[in-house]
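Listed here are the chains, written in short residue letters.
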Amino acid sequence: MQKLIDKYNIPVPRYTSYPPANFFHENFGEQEYKDAIIASNEEQPELLSFYFHIPFCRRLCHYCGCNSYAAPEDNTLERYVAALHKEIDLVLPLIRENRKISQIHYGGGTPTFLPASELAALNKHVLEAFETIERPEIAIECHAGWMNEKDWEALVEAGFNRFSLGIQDFDEKVLEAVHRKAPAMPVADIMTILRKAGASVNMDFLYGLPHQTVESFTRSIEKAVELQPDRLVTFSYAHVPWAFPRQKVLEQYGLPQGEVKSQMFEAAREVLCNASYQPIGLDHFVREDDELSIALKNGQLHRNFQGYCTRRTTGQVYAFGVTGISQLGTAYIQNTKSIPEYIEQLDNGHLPVAKGYALNKDEQITREVIEMLMCNYTIRWKELAQRLSLSVEAIKQATAYDEQRLQEFAQDGLITWDADHICMTSEGKLFVRNVAASLDKLMLKTDKSFSKPV
């Protein structure tokens, strides 16, 4: 494995979107966004997925690579929430009324920084405008360090049915080093409250942080398994202090590197698989009866900016809030990063677009190819051709398909392949991003910066 890490642990895109967000450009404004929303009514998927970005935190974690800000001391929070409602009022009239909501997701920052009453009002604003599918996913990322029993119950009453608990690690020494507050009440008690309400629970963990060892991280995952969350994520910490200067403070402790991080992941994976969790994509694990597990078995797993999903729940994403990214059929749109600018633009009746990207035909095809590989660890060219109403050859020509490069991956044991399929091996799954990048024409010549797979 070390030879593979030495060769393939090079910066490549995460491919949570295609093209990656650092290809977005400023030559894309409010009118282009409005046109893209109107066009999205005739594009697939037809379902609606709404995202709300709440950028505020009671205190900032040193590892964070999100758009986050310390709690404001003036009236910024109230003005920000008002601006979210104004943005909804500008976007919703452009969406066809008979479309249905399949997902609502809150990310941050710390979405639970907002009072539950404010979150309920935002949910109500969009839910009153459209019908929903059966069992829509209304999800929120939670920081358990600041929440008591009444807070959790209030979120259930606000309509949330999926909760992502940002645990990161159960070791308080690790949490202290990264400036993250431990849960305010036992996680087992939180699980009891949410299970009683019939909600689904995810747990998020980070490996590659200061003071973590293979043994200590394994203990955290074992403790999580005892609590039996529906889904569990083991994210690889991406140390990119040039993009997020707050991360540099972690260097004083030392950070686990390539081989150790790989061992952490493999140890966690073994614990989870032995507990009958099914690996999903790069870093997710779900119960065997979870709909994501069933979708993977059927080769129908999908992903959007909300994360992994099924064809039942996937929708085009319409994002509200600073840095929110809308993921429409043929375009991406990202809001401004500046909170004052965001509020000012909406106070003046304008959508706060900072940049975007319109996909050409080849890029739309490449997105489908890379998504299939990243989600299902395989590419079935004939199935794609049928779904896209194109020939296999036309699909391959739209990508950077290179048989010589594929053969090199095969010789290194990362894939098996023939004219009809590309399939990641068990050992090669850790490097699926490398294989995806080999199919990406944009990666043939780029000056963009990316993180390493391990």
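Scroll up a little and you will see the structure.
Residues numbered from 1 in each chain as written. Predicted model: local features only at pLDDT ≥ 70, side-chain atom pairs only at ≥ 80, totals over all residues. Heavy atoms only, no water.

## Considerations on the pairing of strand β7 (residues 200-207)
Thought 1: Buried residues dominate β7, accounting for 8 of its 8 residues.
Thought 2: Burial along β7 is two-sided: S200, N202, D204 and L206 and V201, M203, F205 and Y207, pointing in opposite directions, are all buried.
Thought 3: Note that strand β6 (residues 162-168) and β7 share 6 bridges and pair parallel. From the neighbouring strand, R162 faces β7, where its bridge partner is S200.
Thought 4: Where β7 and strand β8 (residues 231-236) come together, 6 bridges link them in parallel fashion. Within β8, the position partnered with N202 by the bridge is R231.
Thought 5: Crossover connection from β7 via helix α8 (residues 214-227) to parallel β8: handedness right-handed. (Buried < 20%, exposed > 50% of the residue type's maximum accessible area, 1.4 Å probe, protein only. Helix = DSSP H or I, 4+ residues; strand = E, 2+ residues; numbered from the N terminus. Pairing = 2+ DSSP bridges. Right-handed = clockwise from strand over helix to strand, strands pointing away.)

## Description of the nonpolar core
Thought 1: By size, the foremost hydrophobic cluster in this structure holds 120 residues, and its most contacted members are F50, W152, L155, F163 and L165.
Thought 2: Counting residues per element, this core draws most heavily on helix α3 (residues 76-91), which supplies 7 residues.
Thought 3: Among all residues touching F50, those that are not within four sequence positions of it are L92, I95, I101, Q103, I104, H105, V126, F130, Q306, Y318 and F320.
Thought 4: Ranked by size, the runner-up nonpolar core spans 10 residues in total, among them C61, C64, V174 and L209. (Core = buried A, V, L, I, M, F, W, Y, C linked by side-chain atoms within 4.5 Å. Contact = heavy atoms within 4.5 Å.)

## Some remarks on the packing of aromatic side chains
Thought 1: Under the definition given, this model contains 19 aromatic pairs.
Thought 2: Taking the centre distance of 5.9 Å and the plane angle of 25° together, the rings of F50 and F320 count as stacked. One end of the pair, F50, is in strand β1 (residues 48-54); the other, F320, is in strand β13 (residues 316-320), with 270 residues separating them in the sequence. Of the two residues, F50 and F320, both sit in the buried class.
Thought 3: An aromatic cluster of three or more residues is present, and its members are F50, F52, Y106, F130, F160, Y318 and F320.
Thought 4: Above the ring of F170, the side-chain terminus of K223 is found at 4.6 Å from the ring centroid. (Phe/Tyr/Trp six-rings, centres within 6.5 Å; stacked < 30°, edge-to-face > 60°. Lys NZ or Arg CZ within 6 Å of the ring centre and 35° of its normal.)

## Quick word on helix α15 (residues 403-411)
Thought 1: Where α15 starts, the residue carrying a side-chain oxygen 2.9 Å from the main-chain nitrogen of Q404 turns out to be D402.
Thought 2: A positive backbone phi angle near 80° is found at G413, which sits one or two residues after α15. (Polar contact = N/O pair within 3.5 Å; in protein donor to acceptor, adjacent residues only side chain to side chain.)

## Some remarks on the environment of Y401
Thought 1: Here Y401 shows up in the loop between α14 (392-398) and α15.
Thought 2: The spatial distance from the C-alpha of Y401 to the C-alpha of L439 is 5.2 Å, given a sequence separation of 38 residues.
Thought 3: Each residue touching Y401, except ones within four places of it in the same chain, is listed here: W381, K396, L406, W417, D418 and L439.

## A short note on unusual backbone geometry
Thought 1: For the peptide bond that leads from Y18 to P19, omega is -5°, which places it in the cis range.
Thought 2: As for its placement among the helices and strands, P19 is situated in the loop between α1 (2-8) and α2 (30-40).
Thought 3: For the peptide bond that leads from Q44 to P45, omega is -5°, which places it in the cis range.
Thought 4: Examined against the element boundaries, P45 turns out to sit in the loop between α2 and β1.
Thought 5: Of note in this structure, Y377 is not a glycine but carries a positive phi near 60°.
Thought 6: Structurally, Y377 is set in the loop between α12 (361-376) and β17 (378-380).

## Some thoughts on the packing of α3 against helix α11 (residues 339-347)
Thought 1: Across the interface, α3 lies against α11 with an axial gap of 9 Å and an inter-helix angle of 50°. For the element pair α3 / α11, the angle class is oblique. The handedness of the crossing between α3 and α11 is left-handed. Counting all contacts with α3, which are made through T76, R79, Y80, A83, L84, K86, E87 and L90, the residues of α11 involved are I339, Y342, I343, L346 and D347.
Thought 2: Among the residues forming the contact of α3 with α11, the class breakdown is 8 nonpolar, 1 polar and 4 charged. (Axes fitted to C-alpha atoms, helices over the stretch in contact; angles between N-to-C directions. Parallel < 35°, antiparallel > 145°, perpendicular 65-115°, else oblique. Left-handed = near helix turned anticlockwise from the far one by under 90°. Nonpolar A, V, L, I, M, F, W, Y, C, P; charged D, E, K, R; others polar.)

## Focus: the pattern of salt bridges
Thought 1: Counted under the stated rule, the structure contains 19 salt bridges.
Thought 2: Between E128 and K124 there is a salt bridge, with the nearest N and O atoms lying 3.8 Å from each other.
Thought 3: Residue classification places E128 among the exposed residues on the basis of a relative accessible area of 60%.
Thought 4: For R195, the salt bridge identified is with D230, shortest N-O distance 2.6 Å. Here the residue R195 occupies a position in helix α7 (residues 187-196), and D230 occupies one in the loop between α8 and β8, the gap between them amounting to 35 residues.
Thought 5: By relative accessible area, R195 is classed as partly exposed at 32%. (Salt bridge = Lys/Arg side-chain N within 4 Å of Asp/Glu carboxyl O.)

## Topic: the pairing of strand β19 (residues 421-424)
Residues in a regular strand project their side chains so that they alternate between the two faces of the sheet.
Thought 1: Across the two faces of β19 the burial differs, with I422 and M424 buried and H421 and C423 not buried at all.
Thought 2: Looking at chain direction, β17 and β19 are connected through 3 bridges and run antiparallel. Across the sheet, the residue bridging to T378 is C423, located in β19.
Thought 3: In the sheet, strand β18 (residues 415-417) pairs with β19 via 3 bridges, with the strands oriented antiparallel. Its bridge partner being in β19, T416 is matched across the sheet by C423.
Thought 4: In sequence, β18 turns back onto β19 through a hairpin of 3 residues.

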